[in-house]
Amino acid sequence: MSKKIAVLVGSLRKDSYNLKIAKVFQQIAPSSLSLHIIQIGDLPLYNEDIDTQTPPPSYTRFRQEIANCQGVIFITPEYNRGLPAVIKNAIDVGSRPYGQSVWSKKPAAIISVSPGGIGGFGANHQLRQSLVFLDMPTLQQPEAYFGGVSSAFDANGNITAKSQEFLSSIINAYATWVEKLS
Ligand SMILES: Cc1cc2nc3c(=O)[nH]c(=O)nc-3n(C[C@H](O)[C@H](O)[C@H](O)COP(=O)(O)O)c2cc1C
């Protein structure tokens, strides 16, 4: 049976390249993985005052969806050489209530995506810092800094063969990583 993997996309933009890459992953993932894009744009900014016995419904929905998955893939742009707030907020929501983090032990992968040449390196590594603390064993190789994404799709919106090859190498390595840790 395939393992259910949560995919978190760090851009809320309708025409987001990160979302496009997430959808490519859904198409090319090996049959051992089933990828589900989890909504994070509706999570109120984390605030302990609203995280009471009856938290916002979106907090509860999000925590349950992550808890039901056996791994997490983060696909994120870089904002000002760091992590977009929407991804950090989702991480914070999932990490609480204290002692009930939904992240612990879930195998993770990070793919940073940018039209620029550095491929979101800063965001990628800033995210790794939190995943260490959250005890998420995170795929190290191949490193996934996807630069030049605006030329990764042809005129029909299809991913180019070269880019698909790169993405396949990442998702296949992640599938092996998930198997190893299960
Ligand atoms: C607030 C903001 C800050 C940005 N900072 C960076 C950056 O530090 N590095 C980078 O490579 N691109 C940066 N960009 C450009 C994004 O990589 C680009 O807008 C990209 O398309 C965003 O991903 P998306 O297409 O999935 O929305 C920034 C964009 C915004 C809106």
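Preceding this section is the structure that the text describes.
Let us look at the structure shown here.

Reading guide: rules and limits
Residues numbered from 1 in each chain as written. Predicted model: local features only at pLDDT ≥ 70, side-chain atom pairs only at ≥ 80, totals over all residues. Heavy atoms only, no water. Salt bridge = Lys/Arg side-chain N within 4 Å of Asp/Glu carboxyl O. Helix = DSSP H or I, 4+ residues; strand = E, 2+ residues; numbered from the N terminus. Expected span 1.5 Å × (residues − 1). Buried < 20%, exposed > 50% of the residue type's maximum accessible area, 1.4 Å probe, protein only. Contact = heavy atoms within 4.5 Å. Pairing = 2+ DSSP bridges.

Some thoughts on the pattern of salt bridges
- Evaluated as defined, the whole model comprises 8 salt bridges.
- Across the pair lysine 3 and glutamate 179 runs a salt bridge, and its minimum N-O distance is 3.4 Å. Remark: glutamate 179 occurs in helix α5 (residues 161-181) and lysine 3 occurs in strand β1 (residues 3-9); sequence separation between them is 176 residues.
- For the salt bridge of aspartate 92 with lysine 88, the shortest nitrogen-to-oxygen distance reads 3.0 Å. Residue aspartate 92 and its partner lysine 88 are located together in helix α3 (residues 85-94), separated by 4 residues, close to a single helical turn.
- One network of salt bridges, with partners in common, ties together Asp42, Arg61 and Glu65.

Re α5
- The terminal C-alpha atoms of α5 lie 30 Å apart, and with 21 residues this matches the ideal 30 Å at 1.5 Å per residue to within 8%.
- Buried within α5 we find Ser163, Leu167, Ser168, Ile170, Ile171, Ala173, Tyr174, Ala175 and Val178.
- Residues of α5 that are buried make contact with β1, α1 (17-28), β2 (33-37), β3 (71-76), β4 (108-113) and β5 (145-146).

As for the sheet that holds β3
- Overall, parallel pairing links the 5 strands, which are arranged β2-β1-β3-β4-β5 in an open sheet. A strand with exactly one partner marks an edge of an open sheet, and here the two such strands are β2 and β5.
- Pairing geometry for β1 and β3, over 5 bridges, is parallel. Bridge assignment links leucine 8 to a residue of β3, and that residue is phenylalanine 74.

Focus on unusual backbone geometry
- A cis amide bond links arginine 96 with the next residue in sequence, proline 97, at an omega value of 0°.
- Note on placement: proline 97 falls in the loop between α3 and β4.
- For lysine 105, which is not glycine, the phi dihedral falls at a positive 75°.
- Checked against the element boundaries, lysine 105 lands in the loop between α3 and β4.
- Classification of lysine 105 as exposed rests on a relative accessible area of 58%.

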